[in-house]
Amino acid sequence: MANPRALIIDDEPDIRELLEITLGRMEIDTRAAKDLSSARQMLTEETFDFCLTDMHLPDGNGIELVQHISQEYPQLPVAMITAHGNMESAVEALKAGAFDFVSKPVNLQLLRKLVDTALNLQPLEQRESDKEVPSTLLGDTEAMQVLRKQIEKLARSQAPIYISGESGSGKELAARSIHELGPHRNGAFIPVNCGAIPSELMESEFFGHMKGSFTGANADKEGLFQAASGGTLFLDEVADLPLSMQVKLLRAIQEKAVRSIGSQKEIAVDVRILSATHKDLAAEVEKGTFRQDLYYRLNVIELKMPSLRERQGDIPILAEHLLSRIADDYDTKAPKISNEAMEAMEAYGFPGNVRELENVLERAFTLCENDVIKPNDLSLRSAEITLQQDTGAQQTPVAQDTDEGRQEAPPGLPEDADSLDDYLENIEKNVIVDALEATRWNKTAAAKKLGITFRALRYKLKKLGLE
């Protein structure tokens, strides 16, 4: 099999020689050009698998070559060599269509990883005919067809992507699809909810720590960046990062290296960064809660997820898929959805998007009779109320116990009950257990005694941890 072929463009002979030697040791055949005009001529005469160009050239700017290659040779991944610390040029190159960038002085280890990743890209025509790639983003509407095409294109770049959209619209599914279709598909995909990590543990979680670096550090710990090296790190709810951590994250992304707490040396990491939040990140920058330089670094390319309201024609296919998955979870047959119920869902706004659709179907799954879901089983109005409660809307503040720093139980509840939901759940659990014991754990008889369907009982047993 023939060796891969690379085109190198740089006006400095010493750098051209260094790059040719480095790629030659990787068994890559190289051709070198000293300016834009020579490079364009070589592109018309020969075929290449990879291109590496300097930013500043005697007869123009490397960005011009990136744009030319993106338009005329979309199969060819091109990387940019930028001056150290000049992130504006790197971001400009990525926006123009560059696969990735490397800073001067060139780190040869990072360069080799970059080239390996670029050569691992799947050809476009192969991907289009590849039926084995799973499509987790279901739907046939125009909005979804456009989204899938955008994802296929973005997967071929190493540029950081900011995925925007409402809660429940499938931002993590989009991130997984970008990872699975990209050159890092054989590496790890690590999603992290930035709002769920305590601020005092955040640096250790992201960058790791050395044994003895602080009280309780009893062993070396690998951080998320190290774990995701060679793969993708998905930063969900990135707007929730404290400002102190935003500075450290920006440096890690720019330097492509991290330093564990307690360590004296940096470790190079090859990580694709994807981020998302349901908040308006530009508005957070205006408020001063999110750094502008990090915003521009993460938001090199924005991918907007359509809400379910913008793709209501996909509700039937989504509903059938979700209902089938719910039935599989409970090891039973999926009920049918009546035409009236389907019409009701298609007419409903679904402010919680696909996540809310799944919750509605799971509830209908437990309530329906004779294996048919009818409009009343959907409880669409109550679903909207539940969504408002889940997102914090129209909630009554809970008083704080200043002595012990804990939340007081709502008035009228026993002191050992933290909330009305917990209290009611305990009552429900006790009633179900009593019915099961009375019927010697015959689930069919217990369901009849409780006045609910067998399917509803199985759902409640799993939900309450009584299986």
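The structure presented is a predicted model; accordingly, all values stated were derived computationally and were not measured. (Residues numbered from 1 in each chain as written. Predicted model: local features only at pLDDT ≥ 70, side-chain atom pairs only at ≥ 80, totals over all residues. Heavy atoms only, no water.)

1. Observations concerning unusual backbone geometry
Note that the residue after Lys 104, namely Pro 105, is joined by a cis bond; omega there is -10°. Within the secondary structure, Pro 105 sits in the loop between β7 (100-103) and α5 (108-119). Its identity as a non-glycine residue notwithstanding, Asn 370 has a phi of 60°, on the positive side. By secondary structure assignment, the location of Asn 370 is in the loop between α16 (353-367) and β16 (372-373). (Helix = DSSP H or I, 4+ residues; strand = E, 2+ residues; numbered from the N terminus.)

2. Quick notes on the sheet that holds strand β14 (residues 301-304)
Within the open sheet, the five strands sit side by side as β9-β10-β13-β8-β14. Their pairing is parallel. Single-partner strands in this sheet number two, and they are β9 (189-193) and β14. Between one strand and the next, the sheet's axes are offset by a mean angle of 20°, whatever the strand orientation. Strand direction decides the pairing type here: strand β8 (residues 161-164) and strand β13 (residues 272-277), joined by four bridges, are parallel. (Pairing = 2+ DSSP bridges. Axes fitted to C-alpha atoms, helices over the stretch in contact; angles between N-to-C directions.)

3. Re the packing of aromatic side chains
The tally for this structure, following the rule as stated, stands at seven aromatic pairs. Ring plane angle 25° and centroid distance 5.6 Å describe the contact between Tyr 330 and Phe 365, whose orientation is recorded as stacked. Of the two residues, Tyr 330 is situated in the loop between α14 (315-329) and β15 (336-337) and Phe 365 in helix α16; the sequence distance between them amounts to 35 residues. Comparing Tyr 330 with Phe 365, the two get one shared label, buried. Put simply, the rings of Phe 206, Phe 207 and Phe 225 touch in pairs and so form one group of aromatic residues. (Phe/Tyr/Trp six-rings, centres within 6.5 Å; stacked < 30°, edge-to-face > 60°. Buried < 20%, exposed > 50% of the residue type's maximum accessible area, 1.4 Å probe, protein only.)

4. Looking at the side chain of Asp 270
Secondary-structure assignment places Asp 270 in the loop between β12 (267-268) and β13. Salt bridges are absent for the buried Asp 270, whose nearest opposite-charge side chain, Lys 113, sits at 6.0 Å. With sequence-adjacent residues up to four places away left out, Asp 270 is seen in contact with Lys 113, Thr 117, Gln 158, His 184, Ala 228, Ser 229, Gly 230 and Gly 231. (Lys, Arg positive; Asp, Glu negative; His and termini not counted. Salt bridge = Lys/Arg side-chain N within 4 Å of Asp/Glu carboxyl O. Contact = heavy atoms within 4.5 Å.)

5. Observations concerning a nonpolar patch on the surface
Judged by side-chain polarity, Tyr 423, Leu 424, Ile 427 and Val 431 come together as a nonpolar surface patch covering roughly 320 Å² of accessible area. Locating Ile 427 in the fold gives a position in helix α19 (residues 420-438). What makes Ile 427 partly exposed here is its relative accessible area of 38%. (Patch = residues over 30% accessible without salt bridge, like charges linked within 9 Å, V, L, I, M, F, W, Y side chains within 5 Å. Areas by Shrake-Rupley, 256 points an atom, 1.4 Å probe, with all protein chains shown as cover.)

6. Describing the pattern of salt bridges
Pairing of side chains with opposite charge becomes possible as their charged atoms draw close. Tallying each qualifying case throughout the model produces 15 salt bridges. Of the charged contacts, one joins Asp 100 and Lys 256 as a salt bridge, the two residues approaching to 3.0 Å between their closest N and O atoms. Here Lys 256 lies in the loop between α11 (243-255) and β11 (257-258) and Asp 100 lies in strand β7, a separation of 156 residues in the sequence. Side by side, Asp 100 and Lys 256 carry an identical accessibility label, which is buried. Of the charged contacts in the structure, one is a salt bridge between Glu 203 and Lys 248, with a shortest N-O distance of 3.0 Å. Here Glu 203, found in helix α9 (residues 202-207), pairs with Lys 248, found in helix α11; they are 45 residues apart in sequence, far enough to count as distant.

7. Some words on the pairing of strand β10 (residues 232-236)
For a regular strand, side-chain orientation follows a simple rule: the groups alternate between the two sheet faces. For β10, a buried count of five out of five residues is recorded, marking the element as mostly surrounded by other parts of the structure. The side-chain alternation of β10 yields two buried faces, one formed by Thr 232, Phe 234 and Asp 236 and the other by Leu 233 and Leu 235. With five bridges connecting them, β9 and β10 associate as parallel partners. In the strand pairing of β10, Phe 189 is matched with Thr 232.

8. A short note on helix α1 (residues 13-25)
For α1, with 13 residues, the first-to-last C-alpha span of 18 Å sits near the 18 Å given by 1.5 Å per residue. Along α1, the positions that sit buried rather than exposed are Ile 15, Arg 16, Leu 19, Thr 22 and Leu 23. Projected onto a plane normal to the axis of α1, the buried residues spread over an arc of 135° and lie on a single side. What points out from α1, more than 90 degrees from its buried face, is the exposed set Pro 13, Asp 14 and Arg 25. Where the residues of α1 are buried, they touch β1 (5-9), β2 (29-33), β3 (50-54), β6 (78-82) and α5. With its phi angle positive at about 60°, Glu 27 sits one or two positions after the end of α1. (Expected span 1.5 Å × (residues − 1). Arc of directions from axis to C-beta.)

9. Regarding the sheet that holds β1
Spatially, the five strands line up as an open sheet ordered β2-β1-β3-β6-β7, and their pairing is parallel. Edge strands, defined here as strands with exactly one partner in the open sheet, are β2 and β7. With strand direction ignored, the average angle separating the axes of adjacent strands in the sheet is 20°. As defined by bridge partners, β3 adjoins β6 across four bridges and the pair is classed as parallel. Each residue of the ladder has a partner; that of Asp 54, found in β6, is Ile 81.

10. Some thoughts on the confidence of the model for the protein
Residue-level pLDDT values for the protein average 84, and 88% of them are 70 or greater. Note on residues 124-134: pLDDT under 50 across the span, and 12 contacts to partners over four residues away in sequence or across chains. Here residues 382-410 is modelled with pLDDT under 50, and outside its nearest four sequence neighbours on either side it reaches 29 contacts, counting other chains as well. (pLDDT = per-residue confidence, 0-100.)

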